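Descriptive analysis of the structure
Residues per chain, in single letters:
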There are 2 protein chains.
Amino acid sequence: MAILQAIHNIAEICAQKNVKTAILCPGSRSAALTISMARHPEIKTYSISDERSAGFIGLGIAQVTKETVALICTSGTASYNFAPAVAEAFFQEIPLLVLTADRPPEWIHQYDGQTIYQENIFGKHVKKSFSLPADYNHADAVWQVERVVNEAINLSQSFPKGPVHINVPIREPFYPTEHEVVRFDKQVRIIENASTVKKLPNEFFEKFYEIWQSCERKLIIVGQQQESQLSKVLKNISDEFSIPVLSDIISNVSFENVISAHDVFLSSKNENFLESLAPDLIVTCGKSVISKNLKQFIRKYRPRYHFHIQENPELIDPFQTLTHKVEVSEQYFFETVFGDLDLMKFKEGDDEDQNDAYFALWKAANQKSVLKLDNFLLNSLYSEFKTVKNVLDKTPENSIFHLGNSMSVRYANLIGLSASTNIEIFANRGTSGIDGTLSSAVGNALSTNRLVICLIGDVSFFYDRNAFWNTYLPGNLRVVLINNQGGNIFRIIDGPNRQAELKDYFVTEQNYTAKLTCEEAGVEYMQVSNEQELEKSLESFFKPDNQAKLLELIVDGEISAEVFREYKKLFAHFV
Amino acid sequence: MAILQAIHNIAEICAQKNVKTAILCPGSRSAALTISMARHPEIKTYSISDERSAGFIGLGIAQVTKETVALICTSGTASYNFAPAVAEAFFQEIPLLVLTADRPPEWIHQYDGQTIYQENIFGKHVKKSFSLPADYNHADAVWQVERVVNEAINLSQSFPKGPVHINVPIREPFYPTEHEVVRFDKQVRIIENASTVKKLPNEFFEKFYEIWQSCERKLIIVGQQQESQLSKVLKNISDEFSIPVLSDIISNVSFENVISAHDVFLSSKNENFLESLAPDLIVTCGKSVISKNLKQFIRKYRPRYHFHIQENPELIDPFQTLTHKVEVSEQYFFETVFGDLDLMKFKEGDDEDQNDAYFALWKAANQKSVLKLDNFLLNSLYSEFKTVKNVLDKTPENSIFHLGNSMSVRYANLIGLSASTNIEIFANRGTSGIDGTLSSAVGNALSTNRLVICLIGDVSFFYDRNAFWNTYLPGNLRVVLINNQGGNIFRIIDGPNRQAELKDYFVTEQNYTAKLTCEEAGVEYMQVSNEQELEKSLESFFKPDNQAKLLELIVDGEISAEVFREYKKLFAHFV
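For clarity, every value in this text was computed on a predicted model and none was experimentally measured.

Cut-offs used in this document
Residues numbered from 1 in each chain as written. Chains lettered and ligands numbered in written order. Predicted model: local features only at pLDDT ≥ 70, side-chain atom pairs only at ≥ 80, totals over all residues. Heavy atoms only, no water. Helix = DSSP H or I, 4+ residues; strand = E, 2+ residues; numbered from the N terminus. Rg over C-alpha atoms; globule rule 2.2 N^0.38 Å. Buried < 20%, exposed > 50% of the residue type's maximum accessible area, 1.4 Å probe, protein only. Salt bridge = Lys/Arg side-chain N within 4 Å of Asp/Glu carboxyl O. Pairing = 2+ DSSP bridges. Axes fitted to C-alpha atoms, helices over the stretch in contact; angles between N-to-C directions. Contact = heavy atoms within 4.5 Å. Buried area = accessible area lost by both parts, 1.4 Å probe. Polar contact = N/O pair within 3.5 Å; in protein donor to acceptor, adjacent residues only side chain to side chain. Nonpolar A, V, L, I, M, F, W, Y, C, P; charged D, E, K, R; others polar. Core = buried A, V, L, I, M, F, W, Y, C linked by side-chain atoms within 4.5 Å.

Our focus in this paragraph is the overall build of chain A. The helix and strand tally for chain A stands at 21 helices and 17 strands. Against the globule reference of 25 Å for 575 residues, chain A gives a C-alpha radius of gyration of 26 Å, in line with a compact fold. Each principal axis of the C-alpha atoms in chain A carries an extent, and together these give about 80 × 60 × 45 Å. Buried positions account for 65% of the 575 residues belonging to chain A.

If you want it as structure tokens, here you go:
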């Protein structure tokens with residue numbers, strides 16, 4: 001038995017419990033974890049030097065696979081560099097097992113190197129935080145390690161999924177001696193968590209249908225979620241009962257009559273129009289919605305009833321209208337509702353005229369604004385907004401899109417995707433930070449054969465440029481970088497554009513292009529600065545290849561802000 | 001009065017309380033803080049996009065000025081990106097005022113963007129954490145803001161100095177309207193903290209002198225500190241009473257007979273030699289020491305008495321031999337001791353033979369190992385160790401050196417600086433992380449006219465390359481980058497070099513050079529790959545200029561590891 005056998009066994013427990021990917025950040029204190037993860041035949045490992053990027057690469061992998069990814073770092077501020085990814089994972093409900101090596105507790109704040117207060121370092125941003133003992137020989141210590149690792153992995157996977165932290169104090173010697181063979185104990189303890197399913201009693205549904213029938217104007221709103229099966233049942237409900245289903249681009253719900261342009265037409269200042277869309281009942285599911293216009297619309301035109309369907313036990317009420325919280329899976333809820341309503345309809349005959357009229361209003365607004373926006377962009381100057389439209393139009397089917405925060409995700413949400421493309425959208429909307437977009441996209445690309453396209457602005461790109469500082473960049477990665485030389489969102493939103501500090505303190509102009517970053521990372525680089533070049537480049541750019549590629553779109557920030565102002569003017573008096 | 005007048009007044013309180021530098025990270029939630037800091041005529045501001053780098057730039061400024069620097073960021077994970085710098089500041093006792101804008105508390109975890117749990121986000125790594133109210137109109141709220149900002153700045157400056165956090169929830173509107181003028185209320189409340197001085201009663205000194213006289217072999221050890229006055233009194237004590245004073249390179253204590261090569265000769269395995277140096281009494285001051293050999297020597301050859309002089313109330317005992325903790329300033333303590341001993345000597349006549357013999361042993365070991373190391377490096381191959389020697393030898397007087405962690409600070413400590421150079425040394429030894437070395441050096445350079453030389457390895461450099469991603473790089477910045485294509489410390493220390501994972505998971509080889517990073521940042525770039533080129537380049541490189549410069553030394557990692565092994569062999573049987 002190795003001195004740190006209990007530590008080596010963590011890799012075995014991970015492998016047996018389906019934690020098959022580990023991101024290893026170099027360090028001595030964590031050597032036993034690194035060595036055992038790297039040597040375990042069933043665990044795929046990546047060595048990433050910048051822990052901030054490493055955390056988001058792990059998050060990106062778990063976004064795609066839905067399986068827990070292990071993050072491993074040495075002691076000291078290394079662990080704090082994981083924190084942005086851990087917070088994002090917590091709010092986005094992405095499963096991570098964060099193992100931070102540490103000095104034994106008696107050496108904290110004793111002037112030894114790389115030593116900070118690591119216990120509970122991620123605060124409320126992990127589902128639970130554990131500390132292992134520093135000595136791993138006593139039988140109870142071995143039992144504790146095994147139990148804790150089991151509990152942590154179980155927790156990361158139980159609903160709501162999320163990050164779990166284990167602090168791992170380790171004494172020297174850190175490295176196996178020459179004669180010490182690292183073995184994995186196949187008999188390591190595995191404690192399974194029986195999965196449970198929450199169901200609702202008939203009484204609930206009876207009450208729900210009573211309310212449902214009593215309301216004329218019903219709306220379903222889907223926030224961010226990745227469950228691809230949800231489209232089908234929501235399409236059925238929408239088609240069969242004429243219910244408008246509102247879906248942001250990050251909601252991954254797409255079908256012919258889905259309402260996806262609400263962020264465009266709800267910006268209208270036409271009160272009669274908005275009032276005509278006011279719902280009596282809304283049913284929401286998923287996490288955050290992008291559209292501030294939608295939030296303000298619902299908050300102003302308050303429905304009498306608001307059911308939120310989500311297993312997360314937190315009481316979250318972004319529309320400020322919640323009346324019923326329903327902690328079951330969306331799939332189960334909507335399938336039951338569809339089945340029951342369908343049966344009722346069959347029994348009682350059709351009586352959906354009211355629904356039809358209301359649905360027709362939403363559909364008309366949606367279609368009209370899609371056409372109007374298309375037409376506007378067709379005739380507008382080369383700018384951020386227009387290039388996003390060009391890119392979305394040319395994106396191959398079955399791709400994955402990782403949308404950057406700030407303007408990228410907003411433009412994409414306004415434009416939307418056609419229902420037939422089968423494109424899956426990821427975005428770090430848990431905290432909406434710009435700090436890990438590129439790394440997350442790298443993680444996405446590492447865990448799929450599909451084309452992964454990262455749509456990102458220049459500030460987010462350079463912030464996280466260490467995403468490229470590793471040897472793993474996969475050939476299915478495509479980065480579309482919209483470079484407007486700064487944080488152009490500050491030119492676009494109302495407020496900063498009136499301040500003397502606009503350029504230097506808000507936009508914070510920067511003159512980098514990605515050319516050199518790509519050159520040193522071995523990423524194929526293309527640059528365009530007008531629409532013709534863009535159109536010409538996109539086809540070859542999106543072709544499958546064994547080479548990561550970046551397409552940099554140089555756009556003018558002021559023209560882009562002007563185009564966006566024109567767009568807002570155009571829709572201010574929509575309908 | 002502006003809507004957010006209480007927030008604008010924070011800038012006025014800062015200015016009146018000598019917080020004259022603010023690092024502003026772009027964001028909307030923090031706009032009122034940004035605008036008021038930028039407009040305040042007495043506050044110098046920098047806009048830095050990557051908060052991790054921003055935090056360390058602020059820390060670097062405060063390292064030099066000793067004054068509190070304000071860090072300002074928007075809500076969400078932005079604040080977590082400050083955390084590595086905040087932890088470093090806490091353990092290094094650097095004064096920072098960290099102002100994190102936040103959503104009002106009722107919106108936390110309600111699916112709104114850029115919202116995390118920011119209260120107490122830095123855990124135990126700040127001296128105190130405050131939260132302001134979200135509404136700033138009530139008179140009590142205004143009183144609270146003023147009181148809290150006063151308390152925070154006072155705390156950051158009271159001993160031990162350190163970072164203090166104020167979380168600042170802000171409601172919309174964030175930006176002043178067109179007709180709103182941002183004014184600073186000169187009558188804002190200022191609450192001063194009367195500074196106190198801790199003294200020791202005569203009884204203490206009587207007891208101390210009794211012990212002092214009873215011990216034959218006395219040693220003074222100085223850990224990291226920046227108090228330039230300390231050299232003088234310690235030189236007097238050393239000269240007058242023949243007491244060896246051990247000073248690491250980060251201790252900033254330098255005089256002719258100071259012992260600075262202890263890290264070299266205490267690596268000896270010659271037990272007779274080591275035993276001959278064993279002390280009866282040690283007096284320590286300052287923070288961490290670099291030399292593991294010194295720590296192990298003291299732990300093994302335990303003194304009967306160990307006095308640690310430091311105002312920090314934490315009981316810190318890295319040598320595991322502490323018997324007396326003395327919470328007064330080092331300057332006061334040593335000056336009193338020197339004065340009293342001098343008087344006693346005058347009265348009682350000289351009786352210092354024992355001291356002389358013991359001091360002679362240390363001096364001899366020191367001189368011999370300096371010569372032996374010089375000779376070794378003169379004849380060794382071009383390698384990391386040798387290049388550091390070349391650089392230190394050519395460094396202009398009165399410069400500031402910012403030493404990177406991992407090997408840079410260790411090499412520099414082994415080589416040492418000649419007493420006459422008046423070079424000040426900074427290093428982030430609070431947590432010994434590699435995450436902010438370059439940014440800290442940029443901060444150092446921004447706050448002095450002296451030449452600031454950052455000695456750094458390639459992993460630390462690229463980790464923190466966003467230090468160059470701003471428009472403020474000053475002409476007195478010189479970066480000496482030792483590029484050995486990875487984390488070569490893992491080839492040098494014992495353990496990882498025996499593992500199959502050495503290259504991929506510990507060294508984590510990387511093939512970047514800094515050429516392109518410098519090109520895009522407008523930093524003058526020079527590269528050398530042998531000793532002749534290095535010698536030739538150093539002179540022009542160190543010349544004063546208005547241009548930030550980087551000198552990249554390409555060295556071979558394996559040769560460097562071999563040279564270090566030879567060095568260790570040479571000193572294993574020293575004396």
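Scanning the entire structure with this criterion turns up 56 salt bridges over all chains. Measuring nitrogen to oxygen at the nearest pair gives 2.7 Å for the salt bridge that ties R52 of chain A to D50 of chain B. A residue pair is termed interchain when its members come from two chains, as with R52 of chain A in helix 3 (residues 51-65) and D50 of chain B in the loop between strand 2 (44-47) and helix 3 (51-65). Both residues of the pair, R52 of chain A and D50 of chain B, count as buried. Between K386 of chain B and E531 of chain B there is a salt bridge; the shortest N-O distance is 3.1 Å. With K386 of chain B in helix 13 (residues 384-394) and E531 of chain B in helix 20 (residues 531-542), this pair connects stretches of sequence that are 145 residues apart. Taking the relative accessible area as the measure of exposure, E531 of chain B reaches 21% and is therefore partly exposed. Each of R103 and D112 of chain A together with K295 of chain B takes part in one network of salt bridges that share partners.

With that out of the way, let us pick up the sheet that holds strand 1 (residues 21-24) of chain A. Residue and element names in this part refer to chain A. Read from one edge to the other, the open sheet built from six strands follows the order 2-1-3-4-6-5, with strand pairing classed as parallel. With one partner strand each, in any of the chains shown, strand 2 (44-47) and strand 5 (129-131) form the two edges of the open sheet. Taking each pair of neighbouring strands and ignoring which way they run, the sheet shows an average axis angle of 20 degrees. Taken together, the four bridges between strand 1 and strand 2 define a ladder with parallel strand orientation.

Attention now moves to the interface of chain B and chain A. Chain B puts 92 residues into the contact, and the matching count from chain A is 92 residues. Summed over both partners, the interface of chain B with chain A comes to about 7900 Å²; 55% of that surface belongs to carbon and sulfur atoms. Counting across the chain B and chain A interface gives ten salt bridges. Residue R465 of chain A pairs with E520 of chain B through a salt bridge whose shortest N-O separation is 2.2 Å. Across the chain B-chain A interface, the total number found is 56 residue pairs in polar contact (both at pLDDT 80 or more). Counting residues per element, the ones that place at least two in the side of chain B that touches chain A are helix 2 (31-39), strand 2, helix 3, helix 4 (78-92), helix 10 (292-300), helix 16 (458-463), helix 18 (502-507) and helix 19 (515-521) of chain B. Residue contributions to the side of chain B that touches chain A peak at seven residues, all from helix 4 of chain B. For the side of chain B that touches chain A, the residue count by class is 36 nonpolar, 32 polar and 24 charged.

In terms of nonpolar packing, the biggest core is built from 116 residues, with F461 and F468 of chain A together with F461 and F468 of chain B touching the most fellow members. When neighbours within four sequence positions are excluded, F468 of chain B is seen to be in contact with Y512 of chain A together with L438, F461, L473, L477, V479, T517, C518, A521, V523 and L550 of chain B.

With that out of the way, let us pick up the sheet that holds strand 7 (residues 218-222) of chain A. Two orientations exist for strands paired in a sheet by backbone hydrogen bonds: parallel and antiparallel. Residues and elements named next belong to chain A. With parallel pairing, five strands are arranged side by side in an open sheet as 8-7-9-10-11. The open sheet terminates on both sides in strands that have one partner only, identified here as strand 8 (245-247) and strand 11 (324-326). Strand-to-strand, the axes of this sheet are offset by a mean angle of 20 degrees, without reference to chain direction. As paired elements, strand 7 and strand 9 (residues 281-285) share five bridges and run parallel to each other. If you follow V222 over to strand 9, its bridge partner there is C285. Across the sheet, helix 11 (residues 330-348) touches strand 7, strand 9, strand 10 (305-309) and strand 11, and the angle it forms with strand 9 is around 145 degrees.

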